[in-house]
Amino acid sequence: MVKVMWVSALLLVAALLLVAVEKIPVAEGVTCSVTELYPCLAAFTSSSPPSESCCAKLREQKPCLCGYMRNPSLRQYVSSPNAKKVSSSCKVASQNC
């Protein structure tokens, strides 16, 4: 039962992220696509530590983070306490947006 709820929650988050993608402006030199942060999903939504692929994607998408934070559909994920822990673990400085 818990596994079904977890999978449903992840699918809902993924669907929300996909819907929100087209509303995010593109930063110079980087294609801003929140789906690029998929390797960080578990770390953002639980207490799981970020993987190296998560950290690499987070560094790559750093110019896009302010756009993600301005998006009401994404704000709760990218500004959550877990997201801040992920940023800190990955040594990605928080943005002043």
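Residues numbered from 1 in each chain as written. Predicted model: local features only at pLDDT ≥ 70, side-chain atom pairs only at ≥ 80, totals over all residues. Heavy atoms only, no water.

**Q** I'm lost on the overall build of the protein in this one. Help?
**A** Within the protein, the secondary structure is distributed over six helices and zero strands. Across the protein, helices and strands are ordered from the amino to the carboxyl terminus as α-α-α-α-α-α. Looking at the protein as a whole, 35% of its 97 residues are labelled buried. Expressed as a percentage of contacts within the protein between residues at least 6 apart in sequence, the contacts between residues at least 24 apart total 67%. (Helix = DSSP H or I, 4+ residues; strand = E, 2+ residues; numbered from the N terminus. Buried < 20%, exposed > 50% of the residue type's maximum accessible area, 1.4 Å probe, protein only. Contact = heavy atoms within 4.5 Å.)

**Q** Looking at this structure, I do not really get the pattern of salt bridges. What am I missing?
**A** Pairing is possible between side chains that carry opposite charge, provided their charged atoms lie close to one another. This structure, assessed with the given rule, holds three salt bridges. Each of Glu36, Lys57 and Glu60 takes part in salt bridges that share partners, so that together they form one network. (Salt bridge = Lys/Arg side-chain N within 4 Å of Asp/Glu carboxyl O.)

**Q** Is there a simple way to explain helix α6 (residues 81-89) in this structure?
**A** Each α-helix turn comprises 3.6 residues. Residues three or four places apart therefore point the same way. Within the sequence span of α6, burial applies to Ala83, Val86 and Ser87. Buried residues of α6, viewed axially, fall in a sector of 100°; they line one side. Set apart from the buried face of α6 by more than 90 degrees, the exposed residues are Pro81, Lys84, Lys85 and Ser88. Here the buried face of α6 lies against α2 (41-45), α3 (52-60) and α5 (72-78). Among the residues trailing α6, lysine 91 stands out with phi positive, at a value near 60°. (Arc of directions from axis to C-beta.)

**Q** Is there a simple way to think about the nonpolar core in this case?
**A** Across soluble globular proteins, nonpolar side chains have a tendency to be buried as a group. Of all hydrophobic cores here, the largest spans 19 residues; its most connected members are Leu37, Phe44, Leu58, Tyr68, Val86 and Cys90. When residues of this core are assigned to their parent elements, the largest contribution, three residues, is made by α3. Beyond its immediate chain neighbours, meaning those up to four positions away, leucine 37 contacts Phe44, Lys57, Leu58, Gln61 and Tyr68. (Core = buried A, V, L, I, M, F, W, Y, C linked by side-chain atoms within 4.5 Å.)

**Q** Before we go on, may I ask you to explain the environment of valine 92 in this structure?
**A** By the secondary structure assignment, valine 92 is in the segment after α6. Sequence-distant contacts of valine 92, that is, excluding residues within four places in its chain, are made with Leu58, Arg59, Lys62 and Ser87.

**Q** Sorry, what's going on with the layout of surface pockets here?
**A** Over the atoms rolls a probe the size of a water molecule, and its path tells where empty space is left. Within this model, the largest pocket holds a volume of roughly 180 Å³. Forming the boundary of the largest pocket are 13 residues, of which Met69, Val78, Lys84, Ser87 and Ser94 lie nearest the centre. (1 Å grid on protein atoms, 1.4 Å probe; cavity = no way out; pocket = protein on both sides within 12 Å on 5 of 7 lines; lining within 4 Å. Points joined across faces, edges and corners; volume = space filled by probe spheres on them.)

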